[in-house]
Amino acid sequence: MGLERLRVLLQPSRTAAARTMGAAAGLDLRALFTSPRMERDWQAASARIETLGLTPEAGMNPGDRRALYYLMRLLRPARVLEIGTQAGASAMHLAMGLADAHGSADERRLLTVDIKDVNRADNAAWRMFRLPQSPADAKRRLGFDGLVEFRMGRSVDVLRNTYDRYDLVFLDGDHRLKTV
């Protein structure tokens, strides 16, 4: 994939760019992470996600999960790409933050890509972590059917074959320097 094509794919949409430019210019993480309102919203979101039984071993640690939620709320991206789904823990936190940041379902979308079929019952990460459901079942339980899309394939192939643009890309797939 050519560098220019990659730049076009990762260029934010106009509406999200307009919303996030002002926020990013005065990015105050201390205020974000100490906001009583955000803390209340996080507690409510966290309680909903806890019903999924996501263990700390199933991907990200609790602090990183919280940070993803908070950043989604602050940055308010409309279109998010996650590379590396694994058991779906980060996807559910990204989706929850995305849902809470936007009033309309039409404004938001999370595409999460993994090299494996993360929703298959045999040999899937969610089974290895002894989770009670697949990532697809988790998204349904949270009511995120129209918000989250799972796609199987190599991320470079998925990006090569799309003209979609993303406001935020969360890279959590293959962590080798050569691939990243």
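S.K.: I tried to follow the pattern of salt bridges on my own but got confused; where do I start?
M.R.: If the charged atoms of two oppositely charged side chains come close together, the side chains can form a pair. All told, the structure shown has 9 salt bridges when counted by the stated rule. Its salt-bridge partner being Arg 66, residue Glu 39 comes within 2.0 Å of it at the nearest N-O pair. Of the two residues, Glu 39 is situated in helix H4 (residues 36–50) and Arg 66 in helix H5 (residues 62–75); the sequence distance between them amounts to 27 residues. Taking relative accessible area as the criterion, Arg 66 reaches 26% and is therefore assigned partly exposed. Across the pair Arg 109 and Glu 149 runs a salt bridge, and its minimum N-O distance is 2.3 Å. Of this pair, Arg 109 sits in strand E2 (residues 109–114) while Glu 149 is found in strand E3 (residues 148–152), placing the two residues 40 residues apart along the sequence. Glu 149 sits in the partly exposed class, given a relative accessible area of 27%.

S.K.: Sorry, what's going on with the layout of surface pockets here?
M.R.: A water-sized probe rolled over the atoms picks out the places where empty space is left. Taken as a whole, the second largest pocket spans an internal volume of roughly 170 Å³. What lines the second largest pocket is simply Trp 42, Ser 46, Ile 49, Glu 50, Leu 54, Thr 55, Pro 56, Pro 62, Arg 65 and His 93. Here the lining of the second largest pocket takes 4 residues from H4, the largest share from any one element.

S.K.: Hey, could you run me through the nonpolar core in this one?
M.R.: Burial of nonpolar side chains together is a common tendency in soluble globular proteins. Of all hydrophobic cores here, the largest spans 38 residues; its most connected members are Leu 110 and Phe 144. Going through the elements one at a time, H4, H5, helix H6 (89–101), helix H7 (125–128), helix H8 (135–142), E3 and strand E4 (168–171) are the ones with two or more residues in this core. Ranked by the residues each element gives to this core, the list is headed by H6, at 8 residues. Other than its neighbours up to four places away in sequence, Phe 144 contacts Met 92, Ala 95, Met 96, Ala 99 and Lys 139. The next biggest cluster of nonpolar side chains, apart from the first, holds 7 residues, and it includes Leu 111, Val 113, Val 158 and Tyr 166.

S.K.: Before we go on, may I ask you to explain the packing of aromatic side chains in this structure?
M.R.: The geometry of two aromatic rings is summed up by the distance between their centres and the angle between their planes. Taken as a whole, this structure holds 4 aromatic pairs when the rule is applied. A ring pair is formed by Trp 42 and Tyr 69, whose centres lie 5.4 Å apart and whose planes are at 50°; its orientation type is tilted. Separated by 27 residues along the polypeptide, Trp 42 in helix H4 and Tyr 69 in helix H5 bring together distant segments of the chain. Tyr 69 shares its class with Trp 42; the two are buried. Through successive ring pairs, a cluster of aromatic residues spans Phe 33, Trp 42, Tyr 69 and Tyr 70. Above the plane of the ring of Tyr 166 lies Arg 79, whose end atom (NZ or CZ) is 5.7 Å from the centre.

Cut-offs used in this document
- Think of each chain on its own: its residues are numbered from 1, step by step along the sequence as written.
- Note on the predicted model: pLDDT of at least 70 is required for a residue's local features to be given, and 80 or more for side-chain atom pairs to be given and counted; whole-chain, interface and lining totals, by contrast, use all residues.
- Values shown for side chains rest on all heavy atoms present in the structure; no hydrogens or waters enter the calculation.
- Should a side-chain nitrogen of Lys or Arg be within 4 Å of a carboxyl oxygen of Asp or Glu, the pair is scored as a salt bridge.
- A run of DSSP states H or I qualifies as a helix once it reaches four residues; a run of E qualifies as a strand once it reaches two. Both are numbered from the N-terminal end.
- Accessible area is worked out with a 1.4 Å probe on protein chains only. A residue is then buried under 20% of its type maximum, exposed over 50%, and partly exposed in between.
- Buriedness of a pocket was judged along seven lines, with at least five required to meet protein on both sides within 12 Å; pockets are open sets of points on a 1 Å grid over the protein atoms alone, cavities are sets where a 1.4 Å probe fits but cannot get out, and lining residues have an atom within 4 Å of a point.
- Grid points are joined across faces, edges and corners, and a volume is the space filled by probe spheres set on the points.
- Throughout this description, the term nonpolar core refers to a set of buried Ala, Val, Leu, Ile, Met, Phe, Trp, Tyr and Cys residues connected via side-chain atoms within 4.5 Å.
- Residues count as neighbours in contact if any of their non-hydrogen atoms are within 4.5 Å of one another.
- To pair, rings of Phe, Tyr and Trp, with the six-membered ring standing in for Trp, must have centres within 6.5 Å; the planes then decide the type, stacked if under 30 degrees apart, edge-to-face if over 60, and tilted in the middle.
- In this scheme, Lys NZ or Arg CZ marks a charge over a ring once it lies within 6 Å of the ring centre and within 35 degrees of the ring normal.

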